[in-house]
Amino acid sequence: MTLDHVIIELKRRQIPEQWLEKVKHGYKCIGCENGSGNDGTGAVLSEDGTRLLCGKCAKGFSYIDIAAFHYDIDLTNFVDAVKKICEIEGISLDNHFNEKNNTFAAETDDKTKNNLLENNIIDNIIETSRRNLKNFIDKQGGKWRGLTLDTLQRLNWGYLKEFAHPKTPNRKFPAIIIPNDRGGIFARGVNSKEYSNISPTATTTIFLPNSDSFDLLITEGAINGASILQAIPSPNFGIIASGGTSGNEKVLAKLQQLQSQGKIFRVLIAYDNDSNMAGQKAAVKLRERLIDASFTACTINITKTPDIDLNDALNANNGTSKLTAMINDALSLAQLEFEKIEHAENQSLLGNNSAFYFSQHFQDYVDENKKFANRKTGFQNLDNEIKNFKPGIYILGGLPALGKTSFALQLLDQIARQGETCIFGSYEMEQGYLYSKILAREVAKIESNDFTKKIEKPLTAVKISQGNIYEHGSTYKTAIKNLSEIQTPLYIWELDDINIDSLLSRLQKICAKIDRPPIVCIDYLQLLAGNYDNTKAALDDVLHKFFSFRRKTNTTFIIISSLNRMNYHTEISFEAFKETGNIEYSADVIWGLQLDLLKRDTATIDAAKKEIPRKIQLKCLKNRFGSNFDIGFFYYPNCDTFKPNLEYGDFTEYRPKKTDKNEYEDAD
């Protein structure tokens, strides 16, 4: 790589923050050490992270400057300094220059390059031009373009009879010299529109009030900004020039720098009123960028006459007084615009009042909920209690081997057969085994005539996953055929990434593509806290994100939760939920599965778990959509099936039988 290319590449690099000294309001400036004292504001990184910007010394430092400071390299000879940086960082450097692309023609120009980058030339130009300014203004009759010596000196501007850019020494013209906010200068021809920049280019601060809160007026050109200062010598607003319609990014960086210093301001954009609309279009784009960056901004038109800019107005007859009146009129209109913006912001904060909501939005709410009026779970006793399965966050808890996964999977399968999009996301079980559960239930349904007769040796999910189908071969094929022909929108995901944000991002894309939001089961909640140190706080955060997503999309979540084993021998309650944070506040509905028992000693529980079917109670601990309830189920763990117990009453007093045998695999 040539030296030229290396310099370009290094300047594009982001500055490592660990190389900078952190101070109260940013970073310590490596030039003037701004930020080292109690009152220092510090320097800030540019938006793209490639420049360290200091408002005090008005300089910007690139990766090369910071690297030289970090590695303790002398920048007096710029080329040697870059070569040393390349050597330290292992960058291959060619031994010759690319003459065609090289900014400086040959190595003999190193001194010119050094002076430019160290601002020596710029400093000399500014100092010389300031000395020349008074003589120039006197010869102009006390003003140049309506600007007096006093105004120009306040701005630190100057004049050169023969300005020449160091890169183009043969091109000379008389120019007003205008320093910018990053240590570069803009040379503006005094008798023509000829101009030249010496980098770095930047905005030009014309005036800033001493107060911390003010309005900030942005003009295109620095001369337009100076014209405002001429018309209103002590404004209560700030004035900054963007440097042209292409300077929007520079303006944004400057305003963010001011904001980092604790300045609070509203932004008025007063770009030129060109007949080609270039200025107005750029003003609208800047306003949009500022609003996106959380600034309060509006555009204003001061002269109201096409192709007449602020300096043109200043140069007209009685220009100062006329421009003053124009500015005051524009500021009054801007104040009204700001009041509208602030009213809209307040409206956004408060929301719509009840009259507006009833007249404009209530029917939308009703129509949206109508979509789910006939949604059923497929469990008759559950549907009798909840009437319709509304969108919300449903927490399903239970001790191990009580069928939480099987219950939720069957519920989704039943809803999917009604045409609803259902997604079962599993962090524990593989996709194939979960489909084996569905197949085991289908085989058992066929062989038992919908569980009206007993199956002596049912085909379990474990046997299916092992290919051990034997005497069930015929029924197995029939069940496979049935499930293959039923086009149910049930999707089983094997989830590996425990980042909740990644999961919700995937679901967001799905919600945008389907007419009705999906029903999503997450198995299970506690695994989503894997990236956190504090489990309770983590689950609070996870549940909050589910809740927020549900409100935005109307997605229905069924989230399986483990329980505290300390509650193994007690009736299920809020206290039984394991490290689930503020679950009682985040969830719309909380269901708990437990054995349907009057007594809960170890012997009774162990005996009840050997029953086929098991008697299970679903206890509703919280129901934001209605009353709490208790219902019963018969659970067939050997075929992963729940059947409603339509004659369910009080808890069962279970008496274990001597012949009880555990001839099936436990399932969850």
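Reference entry: report on the structure contained in this document. (Residues numbered from 1 in each chain as written. Predicted model: local features only at pLDDT ≥ 70, side-chain atom pairs only at ≥ 80, totals over all residues. Heavy atoms only, no water.)

1. So, empty space enclosed by the protein
Here is step 1 of the chain: The final tally for this structure, using the stated rule, is three cavities of 30 Å³ or more.
Here is step 2 of the chain: Here the element with the most residues in the lining of the largest cavity is strand β22 (residues 589-595); it accounts for three residues.
Here is step 3 of the chain: Residues of the lining of the largest cavity, tallied by class, amount to ten nonpolar, three polar and three charged.
Here is step 4 of the chain: In this model, the second largest cavity occupies a volume close to 60 Å³.
Here is step 5 of the chain: Across the lining of the second largest cavity, the residue classes tally to six nonpolar, three polar and two charged. (1 Å grid on protein atoms, 1.4 Å probe; cavity = no way out; pocket = protein on both sides within 12 Å on 5 of 7 lines; lining within 4 Å. Points joined across faces, edges and corners; volume = space filled by probe spheres on them. Helix = DSSP H or I, 4+ residues; strand = E, 2+ residues; numbered from the N terminus. Nonpolar A, V, L, I, M, F, W, Y, C, P; charged D, E, K, R; others polar.)

2. Things to note about the sheet that holds strand β4 (residues 52-54)
Here is step 1 of the chain: Strand order in the open sheet formed by three strands is β3-β4-β5, with antiparallel pairing between adjacent strands. In this open sheet, the two edge strands, each paired with only one partner strand, are β3 (44-45) and β5 (59-61).
Here is step 2 of the chain: Bridging between β3 and β4 involves two bridges; their strand directions are antiparallel. Within β4, the residue paired with Leu45 across the bridge is Leu52. (Pairing = 2+ DSSP bridges.)

3. What to know about the pattern of salt bridges
Here is step 1 of the chain: Scanning the model with the defined rule gives 26 salt bridges in all.
Here is step 2 of the chain: Across the salt bridge formed by Glu89 and Arg13, the nearest N and O atoms sit 2.6 Å from each other. Here Glu89 is found in helix α3 (residues 78-89), whereas its partner Arg13 is found in the loop between α1 (3-12) and β1 (22-23), with 76 residues between them in sequence.
Here is step 3 of the chain: A single network of salt bridges, built from pairs that share partners, joins Asp413, Arg417, Arg441 and Glu442. (Salt bridge = Lys/Arg side-chain N within 4 Å of Asp/Glu carboxyl O.)

4. Details of the packing of helix α15 (residues 404-416) against helix α16 (residues 431-447)
Here is step 1 of the chain: For the pair α15 and α16, interaxial distance at closest approach is 11 Å and the crossing angle is 70°. As judged from the angle between their axes, α15 and α16 are roughly perpendicular. Contacts between α15 and α16 pair Thr405, Ser406, Leu409, Gln410 and Asp413 from the former with Leu434, Lys437, Ile438 and Arg441 from the latter.
Here is step 2 of the chain: When the residues that make up the contact of α15 with α16 are grouped by side-chain class, the tally is three nonpolar, three polar and three charged. (Axes fitted to C-alpha atoms, helices over the stretch in contact; angles between N-to-C directions. Parallel < 35°, antiparallel > 145°, perpendicular 65-115°, else oblique. Contact = heavy atoms within 4.5 Å.)

Any functional reading would require information that these geometric values do not contain.
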